[in-house]
Amino acid sequence: MRLNNFAFAGLWSASLAQASDGRNLRGGQEPLSIQTGTKRAAIVGAGAGGSSAAYHLRHYATEAGINLNITVYERNPYIGGRSTTVNVYDDPNEPVELGASIFVKINKILVDAAESFNLSTSSIRNARPRSQDSDALGVWNGADFVFIQSGSSSWWDIAKLLWKYGLAPIRTNNLMKRTVGKFLQMYEAPHFPWPSLSQVAFDLGLTAVTAATGEQYLKENNIDSRFAEEIVQASTRVNYAQNLPLIHGLETMVCMATDGAMSVEGGNWRIFSGMIDAASADLRLNTSVVAIEKQQDGTYAVHSKPTMAEEISRTDDMPVELFDSVVLAGPLQFSNIKISDIESAGTESTSPPRHLPDAIPYVQLHVTLFTSKHPLYPPVFNQPLDKPLPSTILTTLQPYEHPGTNPDGVGAAGFFSISTLRKTAKGEYLYKVFSPRPVDDSFLRRITGYPPDESTSEEVGNPAVTWIYRKVWHSYPYEYPRVTFEELKLDKNLWYTSGIESFISTMETSALMGKNVARLVVNEWVKKESQA
Ligand SMILES: Cc1cc2nc3c(=O)[nH]c(=O)nc-3n(C[C@H](O)[C@H](O)[C@H](O)COP(=O)(O)OP(=O)(O)OC[C@H]3O[C@@H](n4cnc5c(N)ncnc54)[C@H](O)[C@@H]3O)c2cc1C
Ligand SMILES: *[C@@H]1O[C@H](CO)[C@@H](O)[C@H](O)[C@H]1NC(C)=O
Ligand SMILES: *[C@@H]1O[C@H](CO)[C@@H](O)[C@H](O)[C@H]1NC(C)=O
Ligand SMILES: *[C@@H]1O[C@H](CO)[C@@H](O)[C@H](O)[C@H]1NC(C)=O
């Protein structure tokens, strides 16, 4: 049922009560789902969380013999959310990840989905610091490289690592395995599905890990502070743009879990696209949900409009559709959705506690992709001209730099990472820079060894750069230590996936939450049916 010609009148309840086709949605009428026996689910957001929710809803509903229509609303023109590619030189043969770029072998949902959609994955050797890397990696603190891993013979590098840091690398690896082992129980009965993230985290002993900072957690486990600062912190910075004294212990361990790092050829978003296809969902791209209103019968009216029309015409036609369940699958604070009167709607005493997620601080990350004929210029990093730089340059703070001294925590290095991703078909280098501030022209000139242009103060373009793409993301939350997490059930038939980002923010964990919510939704339908 699609109610067209619905005029935005400002007063949700008044206008809804008298929809333009004259039918009264508020009382009296049986929801269509009861008439037809078909359940209807709306999913807001086609990122990892929403796509996985759709995919698993279809799977569990089919298993339970429930007819289900799924509608996925996505305000962007593409599937994937923070998992998306752009094309170098606008050439479709040269895609490059703009957001989430890697997942790992233990990410079961992504790995299984990629396999069942026949997507090829390629292993990533240089995206995160790994002791067995064959690609060179360096950690720069703005003055010196505190750690460099050469490109060859890994046993020798491991020996060097042990010589420099003692048992810290081995202890960290063991600690990571123990911690990740607890997390993996979230996939299985008796813990799965979990109606509360706070509770399952507590039951699995993970609350103690999220309650501590990465610095504290490593210290408690006797891991040498030099290894923590030079290696682990380089990893928390490239992955989450955060330093060890602020990011919690669990997210710190996730940064060290890099075994079998991979990405999907052509783009990780293809997994999520495959999930939406397999779910036979009705996908509405370029469509923003603007309001969700609970009906007296427990269904929800979802109001949407073309994204491009967002501010222009408030009197445009605005479709309203009714659903039995709604899954909000993106951070609510950035979604511009009005959830009307969720606290006071309905008066039945049987309603569970209702909850609206708090806004939490997110990192603003500048991602800059560019190509150049020039390799990175060693003298900028105090290296001799004839010594090629590591293909991945991570950063950390200098010993005297307290992470509180500047608000973005980036320190003297000025950026979180610079990766040389590959050579393009034209034979140019493709670079990716993560930084808390925009990368300017003089920085690009310096790192590519192009002489600064002192003849004019005007921006004259940058001949060292042949293609550039900039994006500012709300990339992930600041992962401050905490012991409770947002509710995933906001109200009866209203679900929220993004609370998991304060626990762990990755494609896989969003997909896991989508799957968990799908299981809970179908369980409720099944329970109702057996009661009826
Ligand atoms: C630069 C960067 C690097 C990263 N690196 C990695 C990595 O290497 N590995 C990894 O696993 N993770 C990485 N992440 C994190 C990862 O991208 C996220 O954790 C994950 O993609 C979140 O998925 P999601 O579905 O929860 O949210 P999102 O991907 O944000 O999806 C939410 C969707 O909802 C849509 N939406 C919101 N409001 C509305 C509305 N009102 N109406 C309709 N649609 C709406 C949005 O357009 C969006 O598509 C990275 C993130 C960034 C930005
Ligand atoms: C489910 O979708 C089909 C096909 O789009 C449609 O014909 C049918 O009316 C829908 N059912 C409900 C209950 O919305
Ligand atoms: C979405 O909008 C973009 C322009 O912003 C357009 O190119 C694209 O075709 C639209 N896609 C759909 C499915 O409407
Ligand atoms: C994947 O490949 C297998 C074997 O080649 C085939 O049977 C299957 O249908 C393919 N699946 C998809 C989703 O294309």
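All figures in this text were calculated on a predicted structure; none of them were measured in a lab. (Residues numbered from 1 in each chain as written. Chains lettered and ligands numbered in written order. Predicted model: local features only at pLDDT ≥ 70, side-chain atom pairs only at ≥ 80, totals over all residues. Heavy atoms only, no water.)

Novice: Honestly, the overall build of the chain in this entry has me stumped. Any pointers?
Specialist: Helices and strands together make up the secondary structure of the chain, namely 14 helices and 21 strands. Per-residue burial for the chain yields a buried fraction of 55% across its 532 residues. Contacts in the chain between residues far apart in sequence, at least 24 positions, make up 72% of those at least 6 positions apart. (Helix = DSSP H or I, 4+ residues; strand = E, 2+ residues; numbered from the N terminus. Buried < 20%, exposed > 50% of the residue type's maximum accessible area, 1.4 Å probe, protein only. Contact = heavy atoms within 4.5 Å.)

Novice: Could you clarify how one ought to interpret the environment of L389 in this entry?
Specialist: Along the chain, L389 turns up in the loop between strand 15 (362-372) and strand 16 (392-395). Sequence separation of L389 and P379 is ten residues, and the distance between their C-alpha atoms is 9.6 Å. Setting aside residues no more than four positions away along its own chain, L389 makes contact with F145, L376, Y377, P378, F381 and Q383.

Novice: Is there a simple way to explain the packing of helix 4 (residues 108-116) against helix 12 (residues 269-278) in this structure?
Specialist: If you want to describe how two helices pack, look at the angle between their axes and the distance between the axes. At a closest axis distance of 9 Å, the pairing of helix 4 and helix 12 adopts a crossing angle of 70 degrees. On the basis of the axis angle, helix 4 is roughly perpendicular to helix 12. From helix 4, I109, L110, A113 and A114 reach across to helix 12, where they touch I271, F272 and M275. Along the lines of polarity and charge, the residues of the contact of helix 4 with helix 12 split into seven nonpolar, no polar and no charged. (Axes fitted to C-alpha atoms, helices over the stretch in contact; angles between N-to-C directions. Parallel < 35°, antiparallel > 145°, perpendicular 65-115°, else oblique. Nonpolar A, V, L, I, M, F, W, Y, C, P; charged D, E, K, R; others polar.)

Novice: Sorry, what's going on with the nonpolar core here?
Specialist: Note that soluble globular proteins tend to have their nonpolar side chains buried in a common cluster. By size, the foremost hydrophobic cluster in this structure holds 104 residues, and its most contacted members are I43, L57, I70, M186, W194, I271 and F503. With ten residues, helix 14 (residues 507-531) is the single largest residue contributor to this core. If we ignore the near neighbours within four places in the chain, the residues touching I271 are F103, L110, A113, A114, F117, L119 and V264. With 17 residues, the next largest nonpolar core counts F145, F370, I393 and I418 among its residues. (Core = buried A, V, L, I, M, F, W, Y, C linked by side-chain atoms within 4.5 Å.)

Novice: Sorry if this is basic, but what is going on with the pairing of strand 12 (residues 320-323) here?
Specialist: Every regular strand shows the same layout, with side chains that alternate between the two sheet faces. Because side chains alternate across strand 12, one face comprises the buried residues V320 and L322, and the other comprises E321 and F323, equally buried. Of the pairings in the sheet, the one linking strand 11 (residues 300-306) to strand 12 comprises four bridges and is antiparallel in character. Bridging from a neighbouring strand, H303 pairs with V320 of strand 12. (Pairing = 2+ DSSP bridges.)

Novice: Which parts of the structure should I look at to understand the sheet that holds strand 11?
Specialist: Within a beta sheet, neighbouring strands are joined by backbone hydrogen bonds and run either parallel or antiparallel to one another. The mixed open sheet is built from four strands, whose spatial order is 12-11-10-14. The two strands at the open ends of the sheet, each matched to only one other strand, are strand 12 and strand 14 (338-340). Across this sheet, the average inter-strand angle for adjacent strands is 25 degrees, counted without regard to direction. Looking at chain direction, strand 10 (residues 287-294) and strand 11 are connected through seven bridges and run antiparallel. The residue of strand 11 that forms the bridge with S288 is K305.

Novice: I'm lost on the site of ligand 1 in this one. Help?
Specialist: Among the 34 residues in the neighbourhood of ligand 1, the closest are listed as G49, E74, R82, I102 and S510. In the model, a nitrogen atom of ligand 1 is placed 3.1 Å from a nitrogen or oxygen of the R75 main chain. Interatomic distance of 2.7 Å between a backbone N/O atom of I102 and a nitrogen atom of ligand 1. Bound to the protein, ligand 1 loses 95% of the 1000 Å² it would expose on its own. Along the lines of polarity and charge, the residues of the shell around ligand 1 split into 14 nonpolar, 16 polar and four charged. (Near = heavy atom within 4 Å. Polar contact = N/O pair within 3.5 Å; in protein donor to acceptor, adjacent residues only side chain to side chain. Areas by Shrake-Rupley, 256 points an atom, 1.4 Å probe, with all protein chains shown as cover.)

Novice: Would you mind going over the environment of T506 with me for this structure?
Specialist: Among the structural elements, T506 can be located in the loop between strand 21 (494-496) and helix 14. On the basis of relative accessibility, which here comes to 23%, the residue T506 falls in the partly exposed class. Between the C-alpha atom of T506 and that of F103, which follows or precedes it by 403 residues, the distance is 8.2 Å. Every residue in contact with T506, bar those within four places of it in the chain, is listed here: Y240 and V254. A distance of 2.6 Å separates a polar atom in the side chain of T506 from a polar atom in the side chain of T509.

Novice: Got a minute to help me understand the pairing of strand 6 (residues 137-140) in this structure?
Specialist: The two faces of strand 6 match: L137 and V139 on one face and G138 and W140 on the other face are all buried. Taken together, strand 6 and the strand that follows it, strand 7 (residues 145-149), pair antiparallel across an intervening segment of four residues, in which G142 is found at a positive phi of about 95 degrees.

Novice: Quick question: what am I supposed to make of the packing of helix 3 (residues 48-63) against helix 14 here?
Specialist: Packing of helix 3 against helix 14 brings their axes to within 7 Å, and their N-to-C directions diverge by 35 degrees. Relative to helix 14, helix 3 is oriented so that their crossing is right-handed. The segment helix 3 lies against helix 14, with A48, G49, S52, A53, H56, L57, Y60, A61 and E63 engaging M507, S510, A511, G514, K515, A518, R519, V521, V522 and W525. Of the residues that constitute the contact of helix 3 with helix 14, the class distribution is eleven nonpolar, five polar and three charged. (Left-handed = near helix turned anticlockwise from the far one by under 90°.)

Novice: Would you take a moment to explain the side chain of S419 for this structure?
Specialist: By the element assignment, S419 lies in strand 17 (residues 417-423). A relative accessible area of 12% places S419 in the buried class. If we skip the residues at most four places from it in the chain, S419 touches S391, T392, L430, Y431 and K432.

Novice: Looking at this model, I keep getting lost on the pattern of salt bridges. Mind explaining?
Specialist: Two side chains that carry opposite charge are able to pair once their charged atoms sit near each other. Considering all chains together, one arrives at 14 salt bridges under this definition. Of the charged contacts, one joins E230 and R226 as a salt bridge, the two residues approaching to 3.2 Å between their closest N and O atoms. Here R226 and E230 lie together in helix 10 (residues 225-240), a separation of four residues that amounts to about one turn. According to the relative accessible area criterion, E230 is buried, its value standing at 11%. D491 serves as the salt-bridge partner of R354, at 2.8 Å between the closest nitrogen and oxygen. (Salt bridge = Lys/Arg side-chain N within 4 Å of Asp/Glu carboxyl O.)

Novice: Whenever I open this one, the confidence of the model for the chain confuses me. Can you help?
Specialist: Atomic detail in the predicted coordinates should be set aside for any region of low pLDDT. Averaged over every residue, the pLDDT of the chain is 87; the share at 70 or more is 83%. When the criterion is pLDDT under 50, residues 1-29 qualifies, and its contacts beyond four places in sequence or with other chains add up to 58 contacts. Long-range and interchain partners of residues 126-134, a stretch whose pLDDT sits below 50, account for 35 contacts in this model, where long-range means more than four residues apart. (pLDDT = per-residue confidence, 0-100.)

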